[in-house]
Amino acid sequence: VLAAFVLGAAVGVLQFQAPEAPSVEETAPTPLEQAPAGLDFQRMLYDLRVLSRSVRAAGSPALCEAHRYITQRLTDLGIPYQEEPFYLTQANIRALWDAYVSGEDRWQTIWDSIQRNTPGSGLALNNIVVHLDAPGTEEAILFVAHTDSVAAGPGAFDDAVSVVALLESLRVLDRDALKRDIIVLFSDGEEKGMLGAACHVLRHREKLADIRLVINLDARGNDGALIMFETSSNNLSLVREYAKALPWAAATSIATGVYRAMSNDTDLSVFLRAGLPGMNFAVIGGEHVYHNAKDNYD
């Protein structure tokens, strides 16, 4: 029994070790027309340096600049996108949180109030949404990463690295081979209480039934494996498909129990509350950088 326990513990530790990172020169990336067919880590590092060079708190000029960079990258890639700006008063934010906590179905009333707001009437936020159509289906997979950081630091891992990963994934994606629509939500206001995700759900309520899976990418540190730490309920088939889809995957059901005992939420929380299936991913090593100035590019 002791030998089995030690062996199991050793395998568990190895499972959560990140694969070795490629050696990349920190220079400007090659032009898009010369970029490799596979993932270009040099381009990802460049994007990460640009996005995390300053604090990107919700509503700040630095975040607006980051949004311009993201949309320019999408334009360069020839990927269609929509910007979805909205303005939230303190009353709107309180109403969203009250409805979220209580579970009361007051969403349409809240959304009607938000839509009446004009620029300057509250916190200015902006979601960036990519929707790639697959032929012959309305079913969709939704990927989510938030663009804002806390006011205490530039959020290189929380959550710029996820934004960068999705941008590069869109570049290498074979759009002609899609079996389901791909939606990528670069959400705003996550650090203020998942505000961008909530507004996305409210704005697209009639389309939620088409979403078959939500994959949220976030971070609570800057080291180690990307762990799948939370899923929606009735998840056996979902976890099996995840294990089959990736040659290298890190996940443990213990993480879900620990996470639910904490005070944290992520954008996925909003989609789970809306009844959608989903998986939550995060790096959790190096927690000393979480939500402070140490979460930077260096």
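In this report, we go over the structure that sits alongside the text.

1. What to know about the pattern of salt bridges
In step 1: Under the defined criterion, the tally for this structure stands at nine salt bridges.
In step 2: Between aspartate 47 and arginine 73 there is a salt bridge; the shortest N-O distance is 3.0 Å. Highlighted residues: aspartate 47 in helix α2 (residues 41–51) and arginine 73 in helix α3 (residues 61–77), separated in sequence by 26 residues. Arginine 73 matches aspartate 47 in its accessibility class, with the two residues each being buried.
In step 3: A salt bridge links glutamate 84 to arginine 203; the nearest nitrogen and oxygen atoms lie 3.9 Å apart. Here arginine 203 lies in helix α7 (residues 195–203) and glutamate 84 lies in strand β1 (residues 82–88), a separation of 119 residues in the sequence.
In step 4: The class for arginine 203 is partly exposed, based on a relative accessible area of 42%.
In step 5: Through salt bridges with shared partners, one network takes in Glu139, Arg180 and Arg212.

2. A word on the pairing of strand β5 (residues 211–219)
In step 1: Most of β5 sits inside the fold, with eight of its nine residues counted as buried.
In step 2: Inspection of the sheet shows strand β3 (residues 140–146) paired to β5 by five bridges, in the parallel sense. Among the inter-strand pairings, isoleucine 141 is bridged to a residue of β5, identified as leucine 213.
In step 3: Where β5 lies against strand β8 (residues 278–285), six bridges are found, and the strand directions are parallel. Bridging from a neighbouring strand, valine 214 pairs with glycine 278 of β8.

3. Topic: α7
In step 1: Counting buried positions along α7 yields eight of nine residues, so the element is predominantly enclosed.
In step 2: Buried residues of α7: Leu195, Gly196, Ala197, Ala198, Cys199, His200, Val201 and Leu202, and no others.
In step 3: Where α7 is buried, its residues touch β1, α4 (90–102), α5 (107–115), β2 (123–132), β4 (181–187) and α10 (267–273).

4. Details of the nonpolar core
Soluble globular proteins tend to bury their nonpolar side chains together.
In step 1: In terms of nonpolar packing, the biggest core is built from 37 residues, with Leu51, Ile70, Leu74, Val130, Leu170 and Phe186 touching the most fellow members.
In step 2: With seven residues, the top contributor of residues to this core is helix α6 (residues 156–172).
In step 3: Once residues within four sequence positions are removed from consideration, isoleucine 70 is found in contact with Leu51, Ile128, Thr147, Val163, Leu167 and Phe186.
In step 4: By size, the runner-up hydrophobic cluster in this structure holds 33 residues, among which are Val129, Leu142, Leu268 and Val270.

5. Some points on α5
In step 1: Among the residues of α5, Trp107, Ile110, Trp111 and Ile114 are the ones counted as buried. Seen from one end, α5 has its buried residues packed into an arc of 100 degrees, which puts them on one side.

6. So, the packing of α4 against α5
In step 1: Between α4 and α5, whose axes approach to 10 Å, the crossing angle comes to 165 degrees. With respect to α5, the element α4 is oriented roughly antiparallel. Like other packed secondary-structure pairs, α4 and α5 cross with a definite hand, here left-handed. Contact residues: α4 offers Asn92, Ala95, Leu96, Ala99 and Tyr100, while α5 offers Trp107, Ile110, Ser113 and Ile114.
In step 2: Taken together, the residues of the contact of α4 with α5 sort by class into seven nonpolar, two polar and no charged.

7. Looking at the packing of α2 against α6
In step 1: Contact pair α2 / α6: the axes reach a minimum separation of 9 Å and the direction vectors enclose 140 degrees. Classified by the angle between their axes, α2 and α6 sit oblique to one another. Once α2 is placed against α6, the crossing between them reads as right-handed. Between α2 and α6, the contacting residues are Arg43, Met44, Asp47, Leu48 and Leu51 on the first element and Ala156, Ala160, Val161, Val163, Val164, Ala165, Leu167, Glu168 and Arg171 on the second.
In step 2: Classifying every residue of the contact of α2 with α6 by side-chain character gives ten nonpolar, no polar and four charged.

8. Some remarks on the packing of aromatic side chains
In step 1: Enumeration over the complete set of coordinates arrives at one aromatic pair.
In step 2: With a centroid separation of 5.5 Å and an interplanar angle of 70 degrees, the aromatic rings of tyrosine 242 and phenylalanine 281 are classed as edge-to-face. Taken as a pair, tyrosine 242 in helix α8 (residues 236–245) and phenylalanine 281 in strand β8 lie far apart in primary sequence, 39 residues in all. Here tyrosine 242 and phenylalanine 281 have matching classes, each one buried.

Calculation notes
Residues numbered from 1 in each chain as written. Predicted model: local features only at pLDDT ≥ 70, side-chain atom pairs only at ≥ 80, totals over all residues. Heavy atoms only, no water. Salt bridge = Lys/Arg side-chain N within 4 Å of Asp/Glu carboxyl O. Helix = DSSP H or I, 4+ residues; strand = E, 2+ residues; numbered from the N terminus. Buried < 20%, exposed > 50% of the residue type's maximum accessible area, 1.4 Å probe, protein only. Pairing = 2+ DSSP bridges. Contact = heavy atoms within 4.5 Å. Core = buried A, V, L, I, M, F, W, Y, C linked by side-chain atoms within 4.5 Å. Arc of directions from axis to C-beta. Axes fitted to C-alpha atoms, helices over the stretch in contact; angles between N-to-C directions. Parallel < 35°, antiparallel > 145°, perpendicular 65-115°, else oblique. Left-handed = near helix turned anticlockwise from the far one by under 90°. Nonpolar A, V, L, I, M, F, W, Y, C, P; charged D, E, K, R; others polar. Phe/Tyr/Trp six-rings, centres within 6.5 Å; stacked < 30°, edge-to-face > 60°.

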